[in-house]
Amino acid sequence: MSVEIPSEQWAQVLEKTGSNVIYKKIPVPKPGPDEVLINIKYSGVCHTDLHAVKGDWPLDTKIPLVGGHEGAGVVVARGELVHDVQIGDYAGIKWLNGSCMSCSFCRTSNEPLCPTPELSGYTVDGSFQQYAVAKAAHVARIPKECSLESIAPILCAGLTVYKGLKESGARPGEFVAIVGAGGGLGSMAIQYARAMGLHPIAIDGGAEKGDMCKQLGATTYVDFTTTKNLVADVKAATPEGYGPHAVLLLAVSERPFQQASEYVRPHGTIVCVGLPANAFLKASVFDTVTRMINIKGSYVGNRQDTAEAIEFFRRGLIKAPYKVVGLSKLQEVFDLMEEGKIAGRYVVDTSY
Ligand code: NAD
Ligand code: ZN
Ligand code: ZN
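These numbers come from a predicted model, not from an experiment.

The rules behind the values
- Residues numbered from 1 in each chain as written.
- Chains lettered and ligands numbered in written order.
- Predicted model: local features only at pLDDT ≥ 70, side-chain atom pairs only at ≥ 80, totals over all residues.
- Heavy atoms only, no water.
- Axes fitted to C-alpha atoms, helices over the stretch in contact; angles between N-to-C directions.
- Helix = DSSP H or I, 4+ residues; strand = E, 2+ residues; numbered from the N terminus.
- Parallel < 35°, antiparallel > 145°, perpendicular 65-115°, else oblique.
- Left-handed = near helix turned anticlockwise from the far one by under 90°.
- Contact = heavy atoms within 4.5 Å.
- Nonpolar A, V, L, I, M, F, W, Y, C, P; charged D, E, K, R; others polar.
- Donors = N, O, S within 2.8 Å, 3.2 Å for Na, K, Ca; no water.
- Tetrahedral: all angles 85-135°; square planar, octahedral: opposite > 155°, others 65-115°.

**Q** Requested: an account of the packing of helix α5 (residues 184-195) against helix α6 (residues 207-216), with residues and values cited.
**A** A pair of packed helices can be characterised by two numbers: the angle between their axes and the separation between those axes. Taken N-terminus to C-terminus, the directions of α5 and α6 make an angle of 20°; their axes are 9 Å apart at the nearest point. In this view, α5 runs roughly parallel relative to α6, as classed from their interaxial angle. Seen from above, α5 lies across α6 with right-handed handedness. The segment α5 lies against α6, with Ser187, Ile190, Gln191 and Arg194 engaging Met212, Cys213 and Leu216. When the residues that make up the contact of α5 with α6 are grouped by side-chain class, the tally is 4 nonpolar, 2 polar and 1 charged.

In structure tokens:
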């Protein structure tokens, strides 16, 4: 089967770190021998894309850059070494666009830790364009019965929070605090936590996000902008008041990273996922020791985590809210995100 592929396409391009993205026509890339070319239909907009635009992290992006790493679409071409992905298959561009597959991390399925990764929408062009390439080994396999529009946010947000919840070690029946629960990762985390038999306590700001968190299944909503004592409120939301067994830190500010050790249950686990600029962790050594607190990081997920996260979605267990706008409106989405005004996720449609 062969598909007609244009030589030019629409894309959102960052030409200078810290400036607005520009909607313009650029050439359609060609896949290398071990790569596929995906006609991206929809792409989620992750806060990581905004960090990339702003140059928030101690790692440079390529410039000019096409951002985006939640791209869902249809395979339209493949290199001569690719056999297990067919033209016409649904596939997804994830944050990890490629890795060496031969280092000791890749060999032990810790490919996000590969020292020479290719990162979609950061070190290589991503999914804010109509046609994007990725290593065939790494593209997400999307079942044909899934809607490309609603599965897009699973490819980073869903995968990342699913992995973070697994890393927390929390078991069915236990409580998990989700910090930043009203955002893109947070709304997914509430749904995955529920599907995994956990009781999610949502923490974020404002009534709109509170209503959404409760609708998604949070047992309690703590509004960090109005609460008089956040630590007391989170503890009070757990049986016996000992605090949640796990904390998933998804917020884009440093303060909650300093606070989590004050309310996590003794022997509980704090999982850092959000990546606020120039942020540091701080916890009392006395509390960490005498309450036996675990503090760790979690970074996207491997290919098997991806397949599992997609399977939860395929079974209808994950229905997090999203709004669709044209790819041409990406800058407006970034502006809303900067102001913290997005409840759930935005997905861009690459056709307009
Ligand atoms: P988002 O903007 O959609 O959501 C962030 C939420 O945090 C917002 O709802 C905001 O109101 C809330 N928030 C801000 N300050 C808070 C506070 N003090 N207490 C509670 N909530 C607070 O962003 P997103 O797309 O969900 O991404 C979240 C973070 O996760 C980003 O830093 C992103 O780069 C990072 N991320 C990490 C990984 C990983 O693998 N570790 C993967 C994807 C994204
Ligand atoms: Zn992301
Ligand atoms: Zn490697």
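The discussion continues.
**Q** Tell me about the packing of helix α4 (residues 157-168) against helix α10 (residues 303-314), residues and numbers included.
**A** Running from amino to carboxyl end, α4 crosses α10 at an angle of 105°, the nearest separation of the two axes being 9 Å. One way to sum up the angle between α4 and α10 is to call them roughly perpendicular. The segment α4 lies against α10, with Gly158, Leu159, Tyr162, Lys163 and Lys166 engaging Asp305, Thr306, Glu308, Ala309 and Phe312. A breakdown of the residues in the contact of α4 with α10 according to their chemical character gives 4 nonpolar, 2 polar and 4 charged.

**Q** Could you give an account of the coordination of the zinc ion (ligand 3), with specific residues and numbers?
**A** For the zinc ion (ligand 3), the full set of protein donor atoms is Cys100 (SG), Cys103 (SG), Cys106 (SG) and Cys114 (SG), at a range of 2.3 to 2.4 Å. Each of the 4 donor atoms around the zinc ion (ligand 3) contributes to a set of angles spanning 105 to 118°, which defines the coordination as tetrahedral. Sequence positions of the residues that donate to the zinc ion (ligand 3) give the spacing C-x2-C-x2-C-x7-C. Of this pair, Cys100 sits in the loop between β6 (96-98) and α2 (104-107) while Cys114 sits in the loop between α2 and β7 (118-119), placing them 14 residues apart in sequence.

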